[in-house]
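# A look at the structure
This is what each chain is made of:
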Amino acid sequence: MNAQLKKGVLELIVLESVRKRDMYGYELVEEVSKVIDVNEGTIYPLLKRLTNEHYFETYLRESSEGPPRKYYHLTAAGVLYRDKLETEWSELQMRVSCFLNEQTKGEV
């Protein structure tokens, strides 16, 4: 998949994943990778930025498999931002589809 296309929807996928339930970083990498191929080097800077912008809150939770894990929780501002991104994504998707359909009709 084109890197620019992937970058454009990555925030929405991360926000939606955490909206469903609080998650820790590596768990998010695995969840997002079900949709688009990403690695930790892509997700962790995004999580840091979204936290700095107050879309996420973090907390530590003990783990039976090692040190405590940092979990991400969507804030009220994060929910609003996620909803805004979804609206923008839906509108963009619709416009591109309409454009492509019009181009295809013109070729017939």
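Before reading further, recall that the structure is shown in the block above.
On a predicted model such as this, the values are computed, not experimentally measured, just so you know.

## Brief notes about the nonpolar core
- Residues V14, V32, I43 and F56 are the most contacted members of the largest nonpolar core, which totals 23 residues.
- For this core, the secondary-structure elements that each account for two or more residues are α1 (3-20), α2 (25-33), α3 (40-52), β3 (66-74) and α4 (76-107).
- Ranked by the residues each element gives to this core, the list is headed by α1, at seven residues.
- Ignoring sequence-local partners within four residues, the contact set of I43 consists of L10, V14, G25, L28, V29, V32 and V38.

## A closer look at the pattern of salt bridges
- Under the defined criterion, the tally for this structure stands at 11 salt bridges.
- A salt bridge links E91 to R95; the nearest nitrogen and oxygen atoms lie 3.1 Å apart. With E91 and R95 both in helix α4, this residue pair falls four residues apart, about one helical turn.
- Classification of R95 by relative accessible area gives exposed; the value is 55%.

## Quick look at the pairing of β3
- Here strand β1 (residues 23-24) runs beside β3; their pairing, made up of two bridges, is antiparallel. Paired with M23 across the strands is Y72, a residue of β3.
- One ladder, built from seven bridges, connects strand β2 (residues 56-63) with β3; its direction is antiparallel. What sits directly across from E57, in β3, is H73.

Rules behind the numbers
Residues numbered from 1 in each chain as written. Predicted model: local features only at pLDDT ≥ 70, side-chain atom pairs only at ≥ 80, totals over all residues. Heavy atoms only, no water. Core = buried A, V, L, I, M, F, W, Y, C linked by side-chain atoms within 4.5 Å. Buried < 20%, exposed > 50% of the residue type's maximum accessible area, 1.4 Å probe, protein only. Helix = DSSP H or I, 4+ residues; strand = E, 2+ residues; numbered from the N terminus. Contact = heavy atoms within 4.5 Å. Salt bridge = Lys/Arg side-chain N within 4 Å of Asp/Glu carboxyl O. Pairing = 2+ DSSP bridges.

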